[in-house]
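Listed below are the residues making up each chain.
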Amino acid sequence: MIRVLVVDDQVLIRAGLVALLRAAPGIEVVGEAEDGHAAVEAAARTRPDVILMDIRMPGLDGTAATERILAGAVDPLPRVLVLTTFDLDEYVFAALRAGACGFLLKDTGPERLIEAVTAVALGDMLFAPSVTRRLIESYVHRAGPVPDTPAGLDALTAREREVLRLTAKGLSNTEIAERLHIGEATVKTHLNRTMAKLDLDSRAQAVVVAYETGLVVPGAP
């Protein structure tokens, strides 16, 4: 049973999400919160597996709430799925830094919502790579050639850098495996080693690092 905490300051949206999730098999809504402060308290009290976190709320916003929740949580950490609209790029980018592991657009259909919650609960760090790529590329602007070994990535092997680059470009593990002619398990191993070497907690944070270090240049093929 996937335990979910729903956080949104709009009563109708929150009620709709709760009703939809409660009707889905295998999902239990363990709490609701109307703002970031209430979310921090509810997360500590209910210890959910997944948190649907609205990003823009009065008082404590979703980014700050995510950071506080993850900083104060004990293993296993809850997985935060950000509720957003496409025009809030700066908020989503900050949420990635705070440790959120995925995005969910507010116009997402019911079936996709259930799929997203399930995927995140099962360990998918980045539910929608294509959305992540567009968001980051529209927010991070870099120019100039990329060095063979971007600053900060010296500890990575050439293969680990390539897997990280393709991950940041929005490819799934299966697509990366096909592109590099290696097994999907090998892709996961490279990503896990990369996150360990760079002291990262999630695949989403690895994507941010790839853009920040210049390994991936927005708009480049």
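Residues numbered from 1 in each chain as written. Predicted model: local features only at pLDDT ≥ 70, side-chain atom pairs only at ≥ 80, totals over all residues. Heavy atoms only, no water.

## Comments concerning the sheet that holds strand β2 (residues 27–33)
Remark on secondary structure: sheet strands pair via backbone hydrogen bonds, oriented parallel or antiparallel. Ordered in space as β2-β1-β3-β4-β5, the five strands form an open sheet in which the pairing is parallel. For this open sheet the edge positions go to β2 and β5 (102–105), each flanked by a neighbour on one side alone. Across the sheet, the mean angle separating the axes of adjacent strands is 25° when strand polarity is ignored. Sheet strands in contact with helix α3 (residues 62–72) are β3 (50–54) and β4 (79–84), and its direction is about 155° off that of β3. (Pairing = 2+ DSSP bridges. Helix = DSSP H or I, 4+ residues; strand = E, 2+ residues; numbered from the N terminus. Axes fitted to C-alpha atoms, helices over the stretch in contact; angles between N-to-C directions. Contact = heavy atoms within 4.5 Å.)

## Comments concerning the side chain of Thr63
By the secondary structure assignment, Thr63 is in helix α3. A relative accessible area of 12% means that Thr63 is categorised as buried. When sequence neighbours within four positions are dropped, the list of residues in contact with Thr63 reads Ile55, Tyr91, Ala94, Ala95 and Ala98. (Buried < 20%, exposed > 50% of the residue type's maximum accessible area, 1.4 Å probe, protein only.)

## Section: helix α5 (residues 110–121)
With 12 residues, α5 should reach 16 Å at 1.5 Å per residue; the first-to-last C-alpha distance of 17 Å fits that figure. Those residues of α5 lying buried are Leu113, Ala116, Val117, Ala119 and Val120. Taken end-on, α5 shows its buried residues confined to a sector of 165°, consistent with a single buried face. Exposed side of α5, more than 90 degrees from the buried face: Pro110 and Glu111 are the residues found there. On the buried face of α5, the contacting elements are β1 (2–7), α1 (11–23), β2, β3, β4 and β5. Of the residues flanking the end of α5, it is Gly123, one or two places downstream, whose phi is positive at about 110°. (Expected span 1.5 Å × (residues − 1). Arc of directions from axis to C-beta.)

## Quick notes on the packing of helix α7 (residues 158–168) against helix α10 (residues 203–212)
Two elements in contact, α7 and α10, have axes separated by 9 Å at closest approach and are oriented at 100°. When the axes of α7 and α10 are compared, the pair comes out roughly perpendicular. Across the interface between the two elements, Leu164, Thr167 and Ala168 of α7 pack against Arg203, Ala206, Val207, Ala210 and Tyr211 of α10. Here the residues of the contact of α7 with α10 are counted per class, giving six nonpolar, one polar and one charged. (Parallel < 35°, antiparallel > 145°, perpendicular 65-115°, else oblique. Nonpolar A, V, L, I, M, F, W, Y, C, P; charged D, E, K, R; others polar.)

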